[in-house]
Amino acid sequence: MTEMTYLRAISDGLRTEMRSDERVLLMGEDIGVFGGAFKVTDGFFDEFGASRVMDTPLAESAIIGTAIGAAVVGMRPVCEMQFADFVACGFDQLVNTAAKMYYRQDLPVNITVRLPSGGGFSGGPFHSQNPESWFMHAPGVKVVAPSTAEDAKGLIIASMRDPNPVVYMEHKHLYRRVKGEVPEGSYETPFRARVAREGEDLVVIAYGAMVHTALEATADLAGASVMVLDLRSLKPLDEEAILGAVRHCSKVVIVDEANETCAAGAQVAALIAEHAFEDLDGPVVRVATPDCPIPFSPPLEAAVLPSVDRVREACRQLIEY
Amino acid sequence: MPQMGVSVAEGTVVQWRKQPGDWVQADETIAEVSTDKIDTEIPSPASGRVVEILVQVGVTVDVGVALARIATGAAAATAPVPAAAPAPATPGSSAKLASAPRPARPGASSQPRAAEPAPRSHGARLSPVVQRIAEEHGVDLDAIEGTGRDGRVRKQDIMAYVEAHGGARPPAGAGEPVLHSESPYRPGAGGSLAHGPYVPPEGRPLSRMRSLIGEHMHRSLQTAATCTTWIEVDMSRIEIARKQLAITALPLISRCVIHALVEFPHVNAWLQDDVHTIHEQVNLGIAVDLGDDGLIVPVVRGAQDLSPEGLSRRIRDLARRARARQLSPDDVRDGTFTITNPGQFGSLMATPVISLPQVAILDIEAIVKRPVVVTDQFGEDAIAIRPMVILGLSWDHRAIDGALAARFLANVKKRAESYEA
C-alpha cells in the first residue's frame, strides 16, 4: 500500500496496465511531451515513447474515431479528453460508432475514454460539466465514476480490460484533494456500488465528488445513523445494492453534481420508485445542480453546486419526516 | 353471441369480466366464451354501462342471441369509473355497485386492513413501509404515537411498538424453520413423523381446456379400436434438404406424409358411427404444445397443394397464433389427419391417441444418430452413422387394418429416404 492522490492513482493504474499489456496505448491532446493538462500522463512519453503515448490534433472526433479503429484491430486505446466538456465533439464516434459496433458487426470496441469532469474551481460553463448521463443513455457504453484513490486505480484498470467502450469520469476537484492508500500492482475494482459508510436511518446515494460531500454533510446529524452508498458504476447501475440500501434504511437522498434533469440520480430515483415502493418511509429526495450552466463567479457557482449545507438540510428534513 | 367463424353455431359463456353497473369501453373485453374448441374473449360492441346480464356463466346459446344489455346513453352523465371505485349515485344501479368487490392487495388478508387511512386521528398519511409493517404484524396504528412531522407514524415508531408489544400475529415467515442449518441431524427428532402428517396443497378444478382435452381423448380411447404401428426411417436426405431450404424437418416429413395420404386415402378419412368418409383433400392437423395449459391442433387446409416451404410458413403461422391465443374456430376444424411432434425433447416412441372422427394419427419422435447396417451398390454391408427417427402411427381398427397401416408407413419411409429437395 502506498498513499497517493486520486490523480496519481489514475496515473499508477495506466502505467501498471501499459507495462503489462503492450496493446494499451494513450491518445489525447498534449498528453505526450507536456504530460497532459492535469499531468496524469507525466513521464509516460519518456517511458513508453511516442507510439504508445500519442499527441493528437485538437479533434475529439478524430481521437475517438482513431481509437475505435485501433480497438477493432486488437489494441486497447485509452483516450483523454482534455476536459469532459469537449467530448461533445466526439459524441457521434462514441455513441453511434463505438457503442453499436458490437451489436451491428460483432466487433468489440475495447476503448476507454477518460473525462476530467466536474466543477468547484470557477472553471465556468465549458470546463465544469458532468456529462455522464449523456452516455448512460447510449446502449453499448459503460460509465464509471470513482470517488477514492483506490477505486480510481482499480476502475481505470477494469475499464481498460472491459471489452466494451467505457467512459471513465475522473473528477477534477478530487485530483489533488483526495488521497488514500492504494494497493501496489494490478487489481480491478468491480463495476458495483460500495458502502462508504454504514447506517440505519437514511441512505445518501452519490458518486464521484458528491460521495465526499455526502460523507461530510452527514458525519454529525443530530445522532442520526446515515448510510452513504458510492455507486462507482453508473452504467450498469448496481440495482441490487441500491434496492438493498433502500430496504434497509427506508429513506433516501440522491445527490448529483450534474444538472438535475435526467441525471444519473433520476434513474436511481425511478428504480427505487418502481421496485422499493413498499419499503419507503418518505419521499425520494434529490439534490442536484439546477438546470443552468455553471457560472464563472465563485459565489454563483457555490450557489448552484450541491453543497455540504444543502445535502445536510435535505437529510435533516427527511429524517424528521 | 357473435359469429366467430363460419362453422360456429353456438357458444358458452365462461366468465363475465363486467358486472351490471360497470362501465365498459367499446372493444374492451366484456366476457369470455368458449365454442367447441376455442376459448375467446368477446369485445364490447359499444361504450356504456352494463345494465343487465342476460346469459349466465355456463349457459350455451346460439349465435345471435343477446348476452347482455349496455346503456350507451349513460355516457355523458357519469364519467367512466373503475369497477371497484365507490358507487356513484346512479339510479337503479347503486345497489349492485355497492356490492362490487373492493380492490384486494395481493397477499392482503380478508379482514379489514389495520392501515386503512380513513378513520385515523393523526391526520397524516402513512408511508408504504409503515402500512406494510402494520399489515404484516397486525398492528393497530391508532395505538402508536407518531414522532414524525405532524405526528406522522414513522418506520422507527412502528418498529419500536412492535418490539415492545409484539404484533397481533407473527410476521410472515416467523416460526418457519431456518433455511440453512449446520446439520440436518437433530437428536431426538423422530424421523419423518417430526414433519407431521402430510397436508397436500389445496386442489383446484381443471381448466376448461384440460377438461375438453381429457373428454376428447377419453372418448377416443373408448370408441376407436386403437392400434399403433412403428417404423424406423433414415432421415439423412431430409436433413440435407432441411439445411438447403433452411426449414425444420417437420414440414419436409409432413410433405412425405401428405403424398402418402393421397396415395392411401383410406388413412385420410373420417369414421362417424358407421359413416365412412374418404377425403381427397388433406387437411393436416399439427398438434401445438401450449405448455401447462394443454395443446391445440390447428389445421393446414388443402395441404396437398403446398410445397415444403409453404407448409413451413403455414405451420409457423398457426403455431404462433395458437400460442398467442389468436386462433379462430375455423383454424381448428375439418382436420382429416393429424401429426404430433413431441420428439424435440428426445423421446423415442409413443402411442398417440386418435383425434376422432379421424382414423389415424402420426407421431414423430426424436431424430437420433444411430449405427445402422447399410448395403452399398456392390451388395456389401457396412455399419454407418445415420440420423434415425421412429414414426408411430395410431390407427382405428374399425376403419383400416394393420397391413394398410404398415404399407402407409413404408410409403412414408420410402419417400423420406429418397427425398430430393
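Residues numbered from 1 in each chain as written. Chains lettered and ligands numbered in written order. Predicted model: local features only at pLDDT ≥ 70, side-chain atom pairs only at ≥ 80, totals over all residues. Heavy atoms only, no water.

What follows covers the overall build of chain A. Scanning chain A from terminus to terminus reveals eleven helices and 14 strands. Counting the 321 residues in chain A, one finds 58% classified as buried. Relative to all contacts within chain A whose residues are 6 or more apart in sequence, the contacts with residues 24 or more apart total 80%. If you sum the accessible surface of chain A, you get close to 12,700 Å²; carbon and sulfur atoms cover 55% of it. (Helix = DSSP H or I, 4+ residues; strand = E, 2+ residues; numbered from the N terminus. Buried < 20%, exposed > 50% of the residue type's maximum accessible area, 1.4 Å probe, protein only. Contact = heavy atoms within 4.5 Å. Areas by Shrake-Rupley, 256 points an atom, 1.4 Å probe, with all protein chains shown as cover.)

What follows covers the pattern of salt bridges. Inspection of the entire model under this criterion finds 41 salt bridges over all chains. Here E170 of chain A and R114 of chain A are joined by a salt bridge, their closest N and O atoms 2.7 Å apart. Residue E170 of chain A is found in strand β7 (residues 166-171), and its partner R114 of chain A is found in strand β5 (residues 112-117); the two are separated by 56 residues along the sequence. Using a relative accessible area of 2% as the deciding quantity, one classes R114 of chain A as buried. Its salt-bridge partner being R152 of chain B, residue D281 of chain A comes within 3.4 Å of it at the nearest N-O pair. With D281 of chain A in the loop between α9 (264-275) and β14 (285-289) and R152 of chain B in the loop between α2 (128-137) and α3 (155-165), the pair connects residues from two separate chains. When its relative accessible area of 3% is taken as the criterion, R152 of chain B is described as buried. One salt-bridge network, held together by shared partners, links D151, R194, D230 and R232 of chain A. (Salt bridge = Lys/Arg side-chain N within 4 Å of Asp/Glu carboxyl O.)

Listed per partner, the contact involves 16 residues of chain A and 13 residues of chain B. Interface area, chain A with chain B, both sides summed: about 1,100 Å², of which 36% is carbon and sulfur. Considering only the side of chain A, the residues that lose the most area to chain B are E278, D281 and Y321 of chain A, jointly responsible for 53% of the buried surface there. Across the chain A-chain B interface, the total number found is two salt bridges. The interface formed by chain A and chain B includes 14 residue pairs in polar contact (both at pLDDT 80 or more). For the side of chain A that touches chain B, the secondary structure elements donating two or more residues are α8 (239-249) and α11 (308-320) of chain A. A class-by-class count of the residues in the side of chain A that touches chain B yields five nonpolar, four polar and seven charged. (Buried area = accessible area lost by both parts, 1.4 Å probe. Polar contact = N/O pair within 3.5 Å; in protein donor to acceptor, adjacent residues only side chain to side chain. Nonpolar A, V, L, I, M, F, W, Y, C, P; charged D, E, K, R; others polar.)

Let's shift gears to the side chain of R49 of chain B. All names here are of chain B. With respect to the helices and strands, the residue R49 is situated in strand β5 (residues 48-53). In this structure, R49 is buried with no salt-bridge partner, the nearest side chain bearing the opposite charge being D22 at 6.5 Å. Polar side-chain contacts of R49 include one of 3.0 Å to the backbone oxygen of G21. (Lys, Arg positive; Asp, Glu negative; His and termini not counted.)

Take the sheet that holds strand β6 (residues 142-144) of chain A next. Residues and elements named next belong to chain A. Strand order in the open sheet formed by seven strands is β3-β2-β4-β5-β7-β6-β12, with mixed pairing between adjacent strands. Because the sheet does not close on itself, it has two edges, and the strands there are β3 (53-55) and β12 (233-235). Strand-to-strand twist in this sheet, taken as the mean axis angle between neighbours without regard to direction, amounts to 20°. Of the pairings in the sheet, the one linking β6 to β7 comprises three bridges and is parallel in character. Paired with K142 across the strands is V166, a residue of β7. (Pairing = 2+ DSSP bridges. Axes fitted to C-alpha atoms, helices over the stretch in contact; angles between N-to-C directions.)

Residues V267, F337, I339, L362, L391, L393 and F408 of chain B are the most contacted members of the largest nonpolar core, which totals 55 residues. The element contributing the most residues to this core is helix α6 (residues 249-263) of chain B, with nine residues. When residues no more than four places from it in sequence are discounted, the contact partners of I339 of chain B are L250, S254, V257, L284, G285, I286, A287, L362 and I364 of chain B. Ranked by size, the runner-up nonpolar core spans 53 residues in total, among them M27, V95, A145 and A193 of chain A. (Core = buried A, V, L, I, M, F, W, Y, C linked by side-chain atoms within 4.5 Å.)

In this chain, K235 of chain A is followed by P236 of chain A through a cis amide linkage whose omega measures 0°. Within the fold, P236 of chain A resides in the loop between β12 and α8. In this model, L356 of chain B is joined to P357 of chain B through a cis peptide bond whose omega is 5°. Topologically, P357 of chain B is positioned in the loop between β15 (337-340) and β16 (360-364). A positive phi is found at D273 of chain B, a non-glycine position, where the angle reads about 50°. Looking at the element boundaries, D273 of chain B is found in the loop between β9 (269-272) and β10 (275-278). The class for D273 of chain B is exposed, based on a relative accessible area of 73%.

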